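Given next are the chains, with one letter for each unit.
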Amino acid sequence: LAGLLFARRLTHTAHALFEAVLRPGDDAVDLTAGNGNDTLAMARIVTRANSQTGERGHVLAMDIQREAVAATQARVDEDLEDPDAASHVHVVQTCHANVRDYLRQPGVRHLRLVAANLGYLPGSCGDVYTRADSTITALRESLEHIERGGVACVLAYPQATQGDESELDA
């Protein structure tokens, strides 16, 4: 537990949590795909075949920014070792408040993790931020679908907020 709480970076803590919660064959949602690091961490776990059912899980990654969607898709295509695993990762360009439209699809069976890494796209000029209202909507919708034992993981950075500008849609 101490390793989870005191990792050098918040993303390392989140990824340790992903490893503790997710199992092969589960489904996961990355509400803020960004550069694809969280999506890839989830995919490496859930897209492996479940030892009991043989099923592979899915990752839904979403971001409103075209650059983030392209970066995430490229990371998944390049860094997943199993070529079939990439077909179980769905990267969409949309606001995360629309998550319910994707969670109602037949492929979502065992949603165990919903993650959001709030702020702005790393490496961008930082002029587009996640909004509180869309994030709250996305989390409420997602929590209705998480199965027992599942987790919502939200990373927020106080230094990333700039007063009212932190409310710009991302």
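Residues numbered from 1 in each chain as written. Predicted model: local features only at pLDDT ≥ 70, side-chain atom pairs only at ≥ 80, totals over all residues. Heavy atoms only, no water.

Side note on the sheet that holds strand β2 (residues 59-63)
Alright, step 1. Pairing in this open sheet of five strands is parallel, and the strands run β3-β2-β1-β4-β5 from one edge to the other. Each edge of the sheet is formed by a strand with only one pairing partner; in this case those strands are β3 (89-93) and β5 (151-155). Sheet twist, expressed as the mean angle between neighbouring strand axes with direction ignored, is 10°.
Alright, step 2. Pairing analysis gives five bridges linking β2 to β3, with the strands arranged parallel. Across the sheet, residue L60 finds its bridge partner in β3, namely H90.
Alright, step 3. Helix-sheet contacts for helix α2 (residues 10-21) involve β4 (111-117) and β5, and the interaxial angle to β5 is about 175°. (Pairing = 2+ DSSP bridges. Helix = DSSP H or I, 4+ residues; strand = E, 2+ residues; numbered from the N terminus. Axes fitted to C-alpha atoms, helices over the stretch in contact; angles between N-to-C directions. Contact = heavy atoms within 4.5 Å.)

As for the pattern of salt bridges
Alright, step 1. Taken as a whole and assessed by the stated rule, the structure comprises 10 salt bridges.
Alright, step 2. A salt bridge links E81 to R44; the shortest N-O distance between them is 3.7 Å. Taken together, the residues span a long stretch of sequence, with E81 in the loop between α4 (66-79) and β3 and R44 in helix α3 (residues 37-46) at a distance of 37 residues.
Alright, step 3. For R44, a relative accessible area of 37% gives the class partly exposed.
Alright, step 4. A salt bridge links D82 to R56, with the shortest nitrogen-to-oxygen separation between them at 2.7 Å. Taken together, the residues span a long stretch of sequence, with D82 in the loop between α4 and β3 and R56 in the loop between α3 and β2 at a distance of 26 residues.
Alright, step 5. For D82, a relative accessible area of 29% gives the class partly exposed.
Alright, step 6. Three or more residues joined by partner-sharing salt bridges are found here, namely R23, D26, R112 and E147. (Salt bridge = Lys/Arg side-chain N within 4 Å of Asp/Glu carboxyl O. Buried < 20%, exposed > 50% of the residue type's maximum accessible area, 1.4 Å probe, protein only.)

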